[in-house]
Amino acid sequence: MEEKILEFIRVDDVPQGCKDLVEIFGIDTFISLVEYCGGSNVYIPSKGAIVKKARNRIMREEFDGGNYREIANRFGISEVAVRQIVGR
C-alpha cells in the first residue's frame, strides 16, 4: 500500500526540514533516499574531505620517486606533506 501512495507524494507532504533536499535533488531522488535510509542518521562528508582524498590519490599517481618539489608546488603544500602523503 505504501508503495502506491509514494507515487502521489508532493513537496507539501515532506517535513519542513527536508524540503530543501527535495528542491536540490527532486522528489523522485528524495523518495529513493527515504526508501534507502529513511529514519536513520546519514553522514555526508564535507566537500573538502572528498577533494582531499582525490588530491592525495592524484599525488600518488603522479609521484615518480623524486618529484616532491614539483608536486608540492602544484598542489600548494609543503614537501614534507607530499612525503607523508605519497609514503602511504
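Residues numbered from 1 in each chain as written. Predicted model: local features only at pLDDT ≥ 70, side-chain atom pairs only at ≥ 80, totals over all residues. Heavy atoms only, no water.

Please explain the packing of helix 4 (residues 47-62) against helix 6 (residues 79-86) as it appears in this structure.
Axes are the key here: two packed helices are described by the angle between their axes and the distance separating the axes. It is at 9 Å that the axes of helix 4 and helix 6 come closest, and there the two elements cross at 85°. Classified by the angle between their axes, helix 4 and helix 6 sit roughly perpendicular to one another. When helix 4 is examined against helix 6, the residues Arg 55, Asn 56, Met 59 and Arg 60 are found in contact with a partner set consisting of Val 82, Ile 85 and Val 86. In terms of residue class, the contact of helix 4 with helix 6 is built from 4 nonpolar, 1 polar and 2 charged. (Axes fitted to C-alpha atoms, helices over the stretch in contact; angles between N-to-C directions. Helix = DSSP H or I, 4+ residues; strand = E, 2+ residues; numbered from the N terminus. Parallel < 35°, antiparallel > 145°, perpendicular 65-115°, else oblique. Contact = heavy atoms within 4.5 Å. Nonpolar A, V, L, I, M, F, W, Y, C, P; charged D, E, K, R; others polar.)

Sorry if this is basic, but what is going on with the packing of aromatic side chains here?
Aromatic ring pairs: the centre-centre distance and the angle between the two ring planes describe each pair. A full pass over the atoms with the stated rule returns 1 aromatic pair. Looking at Arg 83, its charged tip hangs above the ring of Tyr 68, at a distance of 3.7 Å from the centre. (Phe/Tyr/Trp six-rings, centres within 6.5 Å; stacked < 30°, edge-to-face > 60°. Lys NZ or Arg CZ within 6 Å of the ring centre and 35° of its normal.)

Before we go on, may I ask you to explain the nonpolar core in this structure?
The tendency in soluble globular proteins is for nonpolar side chains to be buried side by side. Membership of the largest hydrophobic core is limited to 7 residues, which are Met 59, Tyr 68, Ile 71, Ala 72, Val 82, Ile 85 and Val 86. Those elements giving two or more residues to this core turn out to be helix 5 (68-75) and helix 6. Once you skip the residues sitting within four places of it in the chain, Ile 85 turns out to touch Arg 55, Asn 56, Met 59, Arg 60 and Ile 77. (Core = buried A, V, L, I, M, F, W, Y, C linked by side-chain atoms within 4.5 Å. Buried < 20%, exposed > 50% of the residue type's maximum accessible area, 1.4 Å probe, protein only.)

Please explain the pattern of salt bridges as it appears in this structure.
Two side chains that carry opposite charge are able to pair once their charged atoms sit near each other. Counting across every chain of the model gives 3 salt bridges. With its nearest N and O atoms 3.4 Å apart, the salt bridge here joins Glu 61 to Arg 57. Here the residue Glu 61 and the residue Arg 57 both occupy positions in helix 4, the gap between them amounting to 4 residues, near one helical turn. What makes Glu 61 exposed here is its relative accessible area of 56%. You can call Arg 57 partly exposed: its relative accessible area is 42%. (Salt bridge = Lys/Arg side-chain N within 4 Å of Asp/Glu carboxyl O.)

What is the right way to look at the packing of helix 4 against helix 5 in this model?
Helix 5 packs onto helix 4 with a crossing angle of 150° between their chain directions and a minimal axis gap of 11 Å. As summarised for this structure, helix 4 and helix 5 are arranged roughly antiparallel, according to the angle between their axes. Between helix 4 and helix 5 lies a crossing whose hand is right-handed. Residues Arg 55, Ile 58, Met 59 and Glu 62 of helix 4 lie in contact with helix 5, whose contacting residues are Ile 71, Arg 74 and Phe 75. A per-class count over the contact of helix 4 with helix 5 returns 4 nonpolar, no polar and 3 charged. (Left-handed = near helix turned anticlockwise from the far one by under 90°.)

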